[in-house]
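Chain residues, written in single-letter form:
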Amino acid sequence: MTKVQKAILDILRNSRQHLSASEVYWRVKQQVPTVALGTVYRNLNQFADSGQIRRVGRADAADFFEGNTSPHDHAVCIHCGQMTDIVIPGLRGFLKEQIKGQIISVNLTLNYICPQCAEKSKE
Ligand SMILES: [Zn+2]
Ligand SMILES: [Zn+2]
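Residues numbered from 1 in each chain as written. Chains lettered and ligands numbered in written order. Predicted model: local features only at pLDDT ≥ 70, side-chain atom pairs only at ≥ 80, totals over all residues. Heavy atoms only, no water.

A. Structural detail: the UniProt feature "binding site: Fe cation" (unreviewed entry) in the chain. With numbering matched to this structure, UniProt assigns "binding site: Fe cation" (unreviewed entry) to Asp73. In this structure Asp73 touches Thr84, Asp85, Ile86, Ile88, Leu91, Arg92, Val106 and Leu108, once residues within four positions along its chain are discounted. (UniProt positions renumbered as here; feature names shortened; annotations may be inferred. Contact = heavy atoms within 4.5 Å.)

B. Region of the structure containing the sheet that holds strand E3 (residues 64–66). If you walk across this open sheet you meet the 3 strands as E1-E3-E2, and the pairing is antiparallel. Each having just a single partner strand, strand E1 (19–20) and strand E2 (54–56) make up the two edges of the open sheet. Of the strand pairs in this sheet, E2 and E3 are connected by 3 bridges, and their pairing is antiparallel. Across the sheet, the residue bridging to Arg55 is Phe65, located in E3. (Pairing = 2+ DSSP bridges. Helix = DSSP H or I, 4+ residues; strand = E, 2+ residues; numbered from the N terminus.)

C. Region of interest: the coordination of the zinc ion (ligand 1). For the zinc ion (ligand 1), the full set of protein donor atoms is Cys77 (SG), Cys80 (SG), Cys114 (SG) and Cys117 (SG), and the range of their distances to it is 2.3 Å. Classification of the site at the zinc ion (ligand 1) rests on its 4 donor atoms, whose angles at the metal span 105 to 116 degrees, yielding the label tetrahedral. Residue Cys117 is classed as buried on the basis of its relative accessible area, which comes to 8%. (Donors = N, O, S within 2.8 Å, 3.2 Å for Na, K, Ca; no water. Tetrahedral: all angles 85-135°; square planar, octahedral: opposite > 155°, others 65-115°. Buried < 20%, exposed > 50% of the residue type's maximum accessible area, 1.4 Å probe, protein only.)

D. Layout of the coordination of the zinc ion (ligand 2). Around the zinc ion (ligand 2), the donor atoms from the protein are His18 (NE2), Glu66 (OE), Glu66 (OE), His72 (NE2), His74 (NE2) and Asp85 (OD), and they sit 2.0 to 2.4 Å away. Classification of the site at the zinc ion (ligand 2) rests on its 6 donor atoms, whose angles at the metal span 57 to 166 degrees, yielding the label irregular. Here the donor residues of the zinc ion (ligand 2) share one chain and are spaced in sequence as H-x47-E-x5-H-x1-H-x10-D. Of the two residues, His74 is situated in strand E4 (residues 73–77) and Asp85 in strand E5 (residues 83–86); the sequence distance between them amounts to 11 residues. For His74, a relative accessible area of 2% corresponds to the buried category.

E. Just the domain arrangement of the chain, in detail. When the domains of the chain are assigned, the result is domain 1 (3–66) and domain 2 (73–122). When each unit is reduced to the centre of its C-alpha atoms, the spacing between domain 1 and domain 2 is 21 Å. Contacts between the two partners involve 6 residues from domain 1 and, on the opposite side, 7 residues from domain 2. Between domain 1 and domain 2 the total buried area reaches about 610 Å² when both faces are included, carbon and sulfur atoms providing 45% of it. A per-residue breakdown of the area domain 1 buries against domain 2 is headed by His18, Arg54 and Arg58, which together make up 68% of the total. There are 0 salt bridges connecting domain 1 and domain 2. (Domains from an automatic or database assignment. Buried area = accessible area lost by both parts, 1.4 Å probe. Salt bridge = Lys/Arg side-chain N within 4 Å of Asp/Glu carboxyl O.)

Here it is, written out as structure tokens:
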């Protein structure tokens with residue numbers, strides 16, 4: 001594994017955040033100053049395709065990446081764009097029963113206003 005690949009996995013697994021490719025790039029750059037943006041993109045996509053990280057598609061923005069690969073869904077704040085993990089127990093089992101076919105993936109996104117933004121709008 002290259003230095004860049006190791007840095008990408010470390011960043012995503014340790015931060016527990018959802019980061020865009022350019023955010024990952026800036027963090028990798030702090031560890032490997034010579035890294036190219038294209039290299040970060042390529043590695044992110046490879047890791048996502050092989051299931052080592054998760055790619056989260058967004059209708060309103062570029063894809064996000066995260067190190068948490070266990071099944072979960074997301075709530076996205078419509079004001080600040082912050083993404084939060086949510087786990088709905090039994091969701092996948094429930095869907096399987098409803099649908100009868102084979103579920104390939106579930107991408108459920110809840111749009112909401114996060115507590116920080118709700119607080120700000122009160123001021
Ligand atoms: Zn917010
Ligand atoms: Zn997530």
